[in-house]
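Architecture and fold: a report
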Amino acid sequence: MITDGMIKNEIKTRIEELTKLQQKDGSWSFCFEGGLMTDAFMIILLRSLNMGDEENLIEKLTRRIVDQQSRNGIWKAYPDERDGNLSTTVQAYIALLYSGHYRREHPILKKAELFIRKKGGLSNTHFMTKWMLAVNGLYRWPKLFYIPMTFLLIPPTFPLNFFQLSTYARIHFIPMMVAANKKFSIQSAYTPNVDHLIVRTSSTKLGEWDLTSTGRSIDYLSLEMKKLLNVPSYLHRLGYEKAERYMLKRIEDDGTLLSYASATFFMVYSLLALGYKKNSLHIQKAIDGLKGLVSDTCHGTHLENSTSTIWDTALICYALQEANVGIDSQVIKNSTNFLLSKQHVKKGDWMLHNRFIDPGGWGFSHNNTINPDNDDTSAALRAISRRALASKDYQEAWYKGVTYLLSMQNADGGWGAFEKNANFELLAYLPLDHAQDAAIDSSTADLTGRILEFLGHFAGLTHHHPSVNAGVSWLLNNQEPNGSWYGRWGVCYIYGTWAAVTGLAAVGVSPDHPAIKKAITWLESIQHQDGGWGESCLSSVRKQYVPLHISTPSQASWALDTLIQAGCRKRQSVKKGLQYLVQETNSKESLTYPTGIGLPEQFYINYHSYNYIFPLLALAHYAKKT
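Here the residue numbering is sequential within each chain, running from 1 through the sequence in written order. Local features are withheld for residues below a pLDDT of 70 in this predicted model, meaning they are given only at 70 or higher, and side-chain atom pairs are given and counted only at 80 or more; totals for whole chains, interfaces and linings count all residues. Think of the side-chain values as coming from all heavy atoms in the structure, minus any hydrogens and water.

Moving on, we get to the sheet that holds strand β4 (residues 596–599). In this analysis, strands are considered paired if DSSP registers two or more bridges between them. Helix and strand assignments follow DSSP, with helices taken as H or I runs no shorter than four residues and strands as E runs no shorter than two, numbered in order from the N terminus. Spatially, β1-β5-β4 is the arrangement adopted by the three strands of the open sheet, whose pairing is antiparallel. Since the sheet does not close on itself, it has two edges, and those belong to β1 (32–33) and β4, each with one partner. With two bridges connecting them, β1 and strand β5 (residues 603–607) associate as antiparallel partners. Considered in β5, the bridge of phenylalanine 32 is made with tyrosine 607.

Here it is in structure tokens:
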């Protein structure tokens, strides 16, 4: 039986833990742990450039890759991926060969080789993996593949233009296009021979990545690309110059491209393709920036794709305040001061679809200064809201942030992640893996719900406000038949349902509304016997709820918080959920299971902060209601 006293003690303990973990600058720095792709690409890059002074780093990254291999010799994108992951296994295999510490004959590579060949070899890998193989001379560039660089010269006012792609697609595609069009490749003494991983069949077109017609949408895109091929040659040269400028203008102070390790890898190779030497300033600074993303606190040495410092700090600062840590406490003063210093003052790509608004958002990582996102902006605004009531500086920052956030609402009433109206649906039909998730930045339930929750609780807006009403309508129109909502950036239906229901409740939608009642019924139907909740990353692949055999603290907290915010605190499901959070001893598997998503099927995230943040938030909200 869980008592109020036990909950208070649990809250106190969690507050003390987080207070001790705060950095001197007021931030919290938890590991943002992705898969092994960044570790593998770093090994390959350092060996390709023959950076002989990085032996210690390569050895550490190699060790983590080996530690992540499953017993049957394969690597997975997430722990319960039943059949293993071909692209992840290929990345690990190639990196271990490049490291120089493993040869093809080694037992762990022999097992992986059998799996790779059984799954169809290198030709069946994700296009990002094939690109990395080709740029390092391990896989032939397709002969007939060419994306006209003149595509970059089309004005944003035209119906089909490069800026219809999402910002995270653009920042990766531009360097990939440059190297692919130039058929660039680099080799060194460490380059292995992996011809044995190319499986030839009667239907295989070795290296063919053409825009295969799969319907009228692709035919239209192919036709438009072919038109661009016929323009004068000097325009193609201008296209390459535009691509080079695009990258150089978006390099952060630490040398990374838009603060992403993945984009920075691709940029290094594209600059080499454009004639830069490996000892040039931009390439050396990019490598230094990548090294700066290496962490030793990620169950081994891991190169984070970016840091999650702003996200973690904003969420923790807010959770502590919800747990009644006062704004005059040093821990809140330090963290809000840090967040205030990180509000963006530069205009980024977001202004192309939102021209007349001043900067006011926040980014995800500590080194992000030009690529704000709506989720981090709402999180930071939550954290500083109470201080804005008493401080002019914070009040001005808060108004800028709220103005920016409201202005980023899409025409359909929802919110996307980075930009406004970057949801040109035709691009979702590109023949790329998960183009729907990567190529466009459409409205999502998690972003829309989280922003409505902020606007309701901290800006005093209700569903009678036109912008809020449009967001409410979008959520109600996008609820799944079973009562859940799909979350794009968390796993998955539990995450989306939490965001949607808490957002709707915050702006005054009644707990008796059919949509909320249906969501609660669904959540209670998937509760585990131990009182917790758990959902598999496979949900993001199948686009339907797939239960996880264990409960995880973050997913249990999302579900529990949903029930509490929807007025269900006296129900048995809430009592069982509280018991799970307070009394259950979690296994390593439940504590390390990735509950964040970067790209379905390829990139999942174990936020080390989540097991601290969301249990505290759910418990604090329960205590408030009580």
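After that view, the rundown keeps rolling.
The term disulfide is used for any two cysteine sulfur atoms that are within 2.5 Å. In the structure shown here, the tally under the stated rule is one disulfide. The partner cysteine of cysteine 31 in its disulfide is cysteine 298, sulfur to sulfur 1.9 Å. Of note, the bridge from cysteine 31 to cysteine 298 carries an S-S torsion of about 115° and is right-handed in sense. Of this pair, cysteine 31 sits in the loop between α1 (4–21) and β1 while cysteine 298 sits in the loop between β2 (294–295) and β3 (302–303), placing them 267 residues apart in sequence. Accessibility classification places cysteine 31 together with cysteine 298 in one group, the buried group. Throughout this description, buried means an accessible area under 20% of the type-specific maximum (1.4 Å probe, protein chains only), exposed means over 50%, and partly exposed covers the range between.

On to the side chain of asparagine 371. Looking at where asparagine 371 falls in the secondary structure, it is placed in the loop between α13 (330–341) and α14 (374–388). Within 3.5 Å is the distance limit for a polar contact, defined as a pair of N or O atoms, with the added protein rule that one can donate a hydrogen and the other accept it, and that residues adjacent in sequence qualify only through two side-chain atoms. Polar side-chain contacts of asparagine 371 include one of 3.5 Å to the side chain of tyrosine 260.

So, on to the environment of glutamate 322. Positionally, glutamate 322 belongs in helix α12 (residues 309–322). Assessed through its relative accessible area of 6%, glutamate 322 is described here as buried. Here the alpha-carbon distance between glutamate 322 and glycine 275, two residues 47 residues apart in the chain, equals 54 Å. A polar side-chain atom of glutamate 322 sits 2.8 Å from a polar atom in the side chain of histidine 621.

Honestly, that's just the spatial picture; any functional story needs more than this.
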